[in-house]
Amino acid sequence: MIYLDNAATTRLSETAFEAMRPYMMDQFANPAGTYSFAAGAAAAVEKAREQLAAVIGAKSSEIFFTSGGTESDNWALKGVMQANAAKGKHLITSAIEHHAILHSAEALKKQGYDVTILPVDGDGTVDLDALEKAIRPDTVLISVMAANNEIGTLEPLERIGEIAHAHGVLFHTDAVQAFCHVPLDVERMHIDLLSASGHKFHGPKGVGLLYVRKGVKIAPFMDGGAQEKKRRAGTTNVPGIVGMAAAATEAAAHMDEIAKKEIAVRDHLIERIEKEIPHAKLNGHRTQRLPGNVNFCFRFIEGESMLMLLDDSGVCASSGSACTSGSLDPSHVLLAIGLPHEIAHGSLRLTLSEETTLADADYVVDTLKGIIERLRSMSPLYEDFVRHGGR
Amino acid sequence: MYTEKVMDHFMHPRNVGEIENASGVGTVGNAKCGDIMRIYLDIDENQVVRDAKFKTFGCGAAIATSSMATEMIIGKTIQEALEVTNKAVMEALGGLPPVKVHCSLLAEQAVHAALWDYAKKNNIVIEGLKPPVNDVDELDHDGEEE
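First, a word on what this report is: a plain description of the structure on this page.

Parameters and conventions
- Residues numbered from 1 in each chain as written.
- Chains lettered and ligands numbered in written order.
- Predicted model: local features only at pLDDT ≥ 70, side-chain atom pairs only at ≥ 80, totals over all residues.
- Heavy atoms only, no water.
- Helix = DSSP H or I, 4+ residues; strand = E, 2+ residues; numbered from the N terminus.
- Rg over C-alpha atoms; globule rule 2.2 N^0.38 Å.
- Areas by Shrake-Rupley, 256 points an atom, 1.4 Å probe, with all protein chains shown as cover.
- Lys, Arg positive; Asp, Glu negative; His and termini not counted.
- Charge placed at Lys NZ, Arg CZ, Asp CG, Glu CD.
- Contact = heavy atoms within 4.5 Å.
- Buried area = accessible area lost by both parts, 1.4 Å probe.
- Salt bridge = Lys/Arg side-chain N within 4 Å of Asp/Glu carboxyl O.
- Polar contact = N/O pair within 3.5 Å; in protein donor to acceptor, adjacent residues only side chain to side chain.
- Axes fitted to C-alpha atoms, helices over the stretch in contact; angles between N-to-C directions.
- Parallel < 35°, antiparallel > 145°, perpendicular 65-115°, else oblique.
- Nonpolar A, V, L, I, M, F, W, Y, C, P; charged D, E, K, R; others polar.
- Buried < 20%, exposed > 50% of the residue type's maximum accessible area, 1.4 Å probe, protein only.
- 1 Å grid on protein atoms, 1.4 Å probe; cavity = no way out; pocket = protein on both sides within 12 Å on 5 of 7 lines; lining within 4 Å.
- Points joined across faces, edges and corners; volume = space filled by probe spheres on them.
- Pairing = 2+ DSSP bridges.
- Patch = residues over 30% accessible without salt bridge, like charges linked within 9 Å, V, L, I, M, F, W, Y side chains within 5 Å.
- Core = buried A, V, L, I, M, F, W, Y, C linked by side-chain atoms within 4.5 Å.

Let us look at the overall build of chain A. Scanning chain A from N- to C-terminus turns up 15 helices and 12 strands. Taking 391 residues into account, the globule formula puts the C-alpha radius of gyration at 21 Å, and chain A, at 22 Å, falls close to it. Taken as a whole, chain A presents about 15,700 Å² of accessible surface, with 54% of it coming from carbon and sulfur. Across chain A, the mean location of the 38 positive side-chain charges is 4 Å away from that of the 50 negative side-chain charges.

So, on to the interface of chain B and chain A. Contacts between chain B and chain A engage 26 residues on the former and 25 residues on the latter. The junction of chain B with chain A conceals about 2,100 Å² of combined surface from both sides, 65% of it contributed by carbon and sulfur atoms. Together, B:M11, B:K32 and B:F57 form the three largest contributors to the area buried by chain B at its contact with chain A, with a combined 28%. The tally of links from chain B across to chain A stands at 5 salt bridges. Ionic pairing is found between B:R38 and A:E383, a salt bridge with its closest N-O pair at 3.0 Å. There are 14 residue pairs in polar contact (both at pLDDT 80 or more) connecting chain B and chain A.

Where helix α10 (residues 303-312) of chain A contacts helix α2 (residues 60-73) of chain B, the two axes come as close as 7 Å, and the packing angle between them is 90 degrees. Taken together, the axes of α10(A) and α2(B) lie roughly perpendicular to each other. Facing α10(A), whose interface residues are A:E304, A:S305 and A:M308, α2(B) presents B:G60, B:A61 and B:I63. Grouping the amino acids of the contact of α10(A) with α2(B) by side-chain chemistry returns 3 nonpolar, 2 polar and 1 charged.

Bringing the environment of B:T56 into the picture now. Residue and element names in this part refer to chain B. Positionally, T56 belongs in strand β3 (residues 49-57). In this structure T56 comes out as buried when scored by relative accessible area, which is 3%. For the pair T56 and I39, spaced 17 residues apart in the sequence, the C-alpha separation amounts to 8.6 Å. A distance of 2.7 Å separates a polar atom in the side chain of T56 from a polar atom in the side chain of S66.

The subject of this paragraph is the layout of surface pockets. Residue and element names in this part refer to chain A. The volume enclosed by the largest pocket comes to roughly 630 Å³. Residue lining of the largest pocket: 36 residues in total, with H98, H99, N149, E150 and R349 positioned closest to the centre. Looking at the lining of the largest pocket, the elements with two or more residues in it are α3 (69-83), α4 (99-110), α11 (322-325), α12 (332-336) and β12 (347-351). Per element, the largest residue contribution to the lining of the largest pocket is 3 residues, and it comes from α3. For the lining of the largest pocket, the class distribution of residues is 9 nonpolar, 19 polar and 8 charged.

Moving on to the sheet that holds strand β6 (residues 170-174) of chain A. All names here are of chain A. Across the sheet, 7 strands lie side by side as β2-β8-β7-β6-β5-β3-β4; this open sheet has mixed pairing. Of all strands in the sheet, those bounded by a partner on one side alone are β2 (63-66) and β4 (114-118). Going across the sheet, the axis of each strand differs from the next one's by a mean of 20 degrees, ignoring polarity. Running at roughly 155 degrees to β6, helix α6 (residues 157-166) makes contact with β5 (139-143) and β6 of the sheet.

Turning to a negative patch on the surface, a few remarks are in order. Judged by side-chain charge, A:D121, A:D123, A:D127, A:D129 and A:E132 come together as a negatively charged surface patch. Judged by its relative accessible area of 32%, A:D127 is partly exposed.

Before going further, it helps to spend a moment on the nonpolar core. Formed by 71 residues in total, the largest nonpolar core has its most connected members in A:F298, A:M306, A:L348, A:L368, B:L41 and B:L115. Per-element accounting of this core gives the leading share, 10 residues, to helix α5 (residues 101-122) of chain B. Residues contacting B:L115, with those up to four places away along its chain left out, are B:L41, B:I43, B:I78, B:A81, B:L82, B:I126 and B:L129. Among the nonpolar cores identified, the runner-up in size contains 67 residues, and A:L131, A:Y211, A:A247 and A:A344 belong to it.

The next point concerns empty space enclosed by the protein. Residue and element names in this part refer to chain A. Counted by the stated rule, this structure contains 3 cavities of 30 Å³ or more. Looking at the largest cavity, its volume works out to about 140 Å³. Looking at the largest cavity, it is lined by 16 residues, and the ones nearest its centre are N6, Q177, H181, G292 and L352. Across the lining of the largest cavity, the residue classes tally to 4 nonpolar, 9 polar and 3 charged.

The next thing to look at is the environment of A:T116. All names here are of chain A. Structurally, T116 is set in strand β4. In this structure T116 comes out as partly exposed when scored by relative accessible area, which is 24%. When sequence neighbours within four positions are dropped, the list of residues in contact with T116 reads H90, L91, I92, T93 and A134.

On to a nonpolar patch on the surface. Residue and element names in this part refer to chain A. Taken together, the side chains of F28, Y35 and F37 make up a nonpolar region of the molecular surface, amounting to roughly 350 Å² of accessible area. Structurally, Y35 can be placed in the loop between α1 (14-24) and α2 (39-55). Since its relative accessible area comes to 48%, Y35 is described here as partly exposed.

With that out of the way, let us pick up the sheet that holds strand β9 (residues 280-282) of chain A. All names here are of chain A. Strand order in the open sheet made by the 3 strands is β9-β10-β12, with antiparallel pairing throughout. The open sheet terminates on both sides in strands that have one partner only, identified here as β9 and β12. With strand direction ignored, the average angle separating the axes of adjacent strands in the sheet is 25 degrees. As judged from the 5 bridges shared by strand β10 (residues 293-298) and β12, these two strands associate in the antiparallel manner. When the sheet's bridge partners are listed, N293 is paired in β12 with T351. Along the sheet, helix α9 (residues 255-276) contacts β9, β10 and β12; its crossing angle with β10, the most-contacted strand, is approximately 15 degrees.

So, in structure tokens, the structure goes:
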């Protein structure tokens, strides 16, 4: 099997697994306990907080643990908008955000908040002029993702942060795909809130974090006990947190090296596909791009059938076609970068890890060529295209 | 998510292709929604479907239902072919996930559109056959509804 869906989730690293084990077995204590048996678990959580803060240049007191990226995004938007309602009710975000952001923004809209959705260009880069123009006196928060989960485009965080802070507006970034994959620095990039999720960088599932800059007002999202300085209730997920920190420390230490390796395989895939498969279009920015992301649209065919045939050849990949999105519309990201529906239906996303080799890439392209040829030979759209002289 | 039958018809689709000088051709669906089916019919002088071929742009279920529908109408009279419903196609495939039921409907509509084309060409009326819905050849592409 060749697993090329690392943007969906990753394999847990051995180091993370080993780090977690004692906190599920011998040291299973609830860190909130007052007995000395709980001290080990409590200390492990605080050490993890420091390790994770170090990845983004934050202080450990600014890291709050959550159940994952979706909770962090929900909390950032809803918590900040609610706590700062005295200033205003305006939120700015972008058209290519993850649904955890877009649906949170929708929910806020229903509660009477005002939301501006920024357009992106053909590469998926947020329009900075539109951002500047969208800011109003009652704007509380700008939320723009660090890297897009489908097309891999890296957003200009530093510029966005500068614009936000020049106008006294808070800046949140959904860094679920970027954290531990590309360098992030909350100071240099003027980031006030940042979401991350453990299982996107070889940590465990079900754990994430929200960085909240000291002094930023945010309402609690989970009500209950006094965990996380009364900001996020719920029994501390000690093994999850420890595993996430171990994975992050490992990934951050080798970030450059891993990125170089992935970029070599990524660019090899892109080059071969562009050279050998006709009517293929690369989606996302060519260089300002996640090291492990490849996303193409193949005209005249539909994504799900492509995935099924790839699966039959032992390749795990994903698509933004309607059939895989669970609705009649293809991915909102592909539509936002200006692709027509019929082309967006034929998208394929391959997301690599440091384990992906050039030989894997060659096998995938060789297989894909046959699959696309086969599906095109069955496609009435391709038949019409050929009949009309290839126009 | 798919039955073994669906996977079989997807992996090894029957009757893929075109028929030259077909007795009737029907194309239904919408590229915007991600499914287009085209069915070619070869109908003999006794109004029996001698051969059927298809081309489909769409998901696994769309391809499997096209394959099954063509399989089910070959050898049938046009009247019998008309009575092959989407439900019958679905049943023959051992069922489809709820979100894919529309694929089987599209297969039924494609057969009907091809029969309609045949009737029109031969100036005959097929009892019970309604004008094709969802026929892309009859649609004004610029005026497609959302």
